[in-house]
Structures are given as C-alpha cells and as structure tokens.
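# Understanding the architecture of this molecule
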Amino acid sequence: MRRLMPSGSKPLLVAATVVMAGFCGMPASRAQSAFVPLGLSAPVYRGSRGAPHFPQENAFARALLPQLHVNPVGKPCVEIFPAAEAQAINRNIYDHNLLINNQCSQTIRLWICYYRTRTCSTFPIAGYRRQLKLFGISPERDFRIEYREYLD
C-alpha cells in the first residue's frame, strides 16, 4: 500500500492543526469577554455618582450580542444603581452597594463585575423586587460595574 504523506510531514500537520485550533477557538482581541460564560446578554455599564464616564459603546458588537430582558413597553426589566457608603467604624473604607430593581414578573439572574476586572458575582433577583446587595468593600469611594443578564 502506498503512503499518501511523506513520513516527515506528520509532525508538521499536527503542529498546524494545533495552531489553527488556537486561532479559531478564541481570538486574542476578546480581552474581558474571553472569560464570560455563554448565554449572557450584551454588557451594560454603570458607575457610582463620582465615577469617571464610560467610553463610547461599540454599537456593532452590541448589535451582535443578545439583548437584555425587556418589559412590554420595551424598557429593560432590570435597573442597577451603584452606591458607595462609608463604614461606621472606619470612614476611609467604603461598602460598595448595588440597588437592583426588577420591574418584570420573571426572575432574572445577573452576572455583575467590577469594570474591566474578573471580580464578578452572580445575583438572582425575583420578579417585581428591589434589593440592596453588598458587592464589595474598598478604600476607593467611586467604582464602576459591568453587568450582563443570563438568558435562561
């Protein structure tokens, strides 16, 4: 039986396959979204009152990602308001709180991260509920978040 490939080309074929799998599997330009679980909506950005403004959103990427849950009028079901509150014992340490308001009947799970970090938490919020959640503790008063909704 004739061989279809020369014996020296097998390692080259394996190396090419590994390299192509790496390039096709995860682009290097995905930065933060490289660790985002599947089944999440487009990101929404919020910040406490004194936090710097966010850069302009990429409308092209936002159009490609699944959108947030919306009510019958077309407004997002969930609103999040970040707020920092100084601790009673040490006024230089702040509690980072999130006031989460769900204005729809369904329970929505949220994946919330500090902006451009991997410090994330998952919060479920029942329908027609408003909850105050402690997100973190820091010496920094102002903070920004990015949140996404699970699409289940």
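Structural notes, computed from the coordinates. Keep in mind it's a predicted model, so treat the numbers as computed, not measured.

### Brief notes about the pairing of strand 5 (residues 120-125)
Two strands pair when backbone bridges link them, and strand 4 (residues 108-114) and strand 5 are joined in this way by 6 bridges, in the antiparallel orientation. Across the sheet, the residue bridging to Ile112 is Ser121, located in strand 5. Between strand 4 and strand 5, which pair antiparallel and follow one another directly, the connecting turn spans 5 residues, one of which, Arg116, has a positive phi of 60°.

### Describing the sheet that holds strand 5
Strands sit in the order 1-7-4-5 across an open sheet of 4 strands; the sheet is antiparallel. Looking at which strands have only one partner, the edges of the open sheet turn out to be strand 1 (44-47) and strand 5. Adjacent strand axes in the sheet meet at a mean angle of 30° when their direction is disregarded.

### With respect to the sheet that holds strand 2 (residues 78-86)
Here we have 3 strands laid out as an open sheet, ordered 2-3-6, and antiparallel in their pairing. Each of the sheet's edge strands pairs with one partner strand only, and the pair in question is strand 2 and strand 6 (130-138). Pairs of neighbouring strands in the sheet enclose a mean axial angle of 25°, with direction left out of account.

### A closer look at the nonpolar core
One finds Ile80, Leu98, Ile100, Leu110, Ile112 and Ile145 to be the most contacted residues of the largest nonpolar core, which totals 18 residues. Taken together, the elements giving at least two residues each to this core come down to strand 2, strand 3 (94-102), strand 4, strand 5 and strand 7 (144-149). Here this core gets 4 residues from one element, more than from any other, and that element is strand 4. Other than its neighbours up to four places away in sequence, Ile100 contacts Val78, Glu79, Ile80, Leu110, Ile112, Phe123, Ile125, Arg129, Arg130, Gln131 and Lys133.

Quick notes on the rules
Residues numbered from 1 in each chain as written. Predicted model: local features only at pLDDT ≥ 70, side-chain atom pairs only at ≥ 80, totals over all residues. Heavy atoms only, no water. Pairing = 2+ DSSP bridges. Helix = DSSP H or I, 4+ residues; strand = E, 2+ residues; numbered from the N terminus. Axes fitted to C-alpha atoms, helices over the stretch in contact; angles between N-to-C directions. Core = buried A, V, L, I, M, F, W, Y, C linked by side-chain atoms within 4.5 Å. Buried < 20%, exposed > 50% of the residue type's maximum accessible area, 1.4 Å probe, protein only. Contact = heavy atoms within 4.5 Å.

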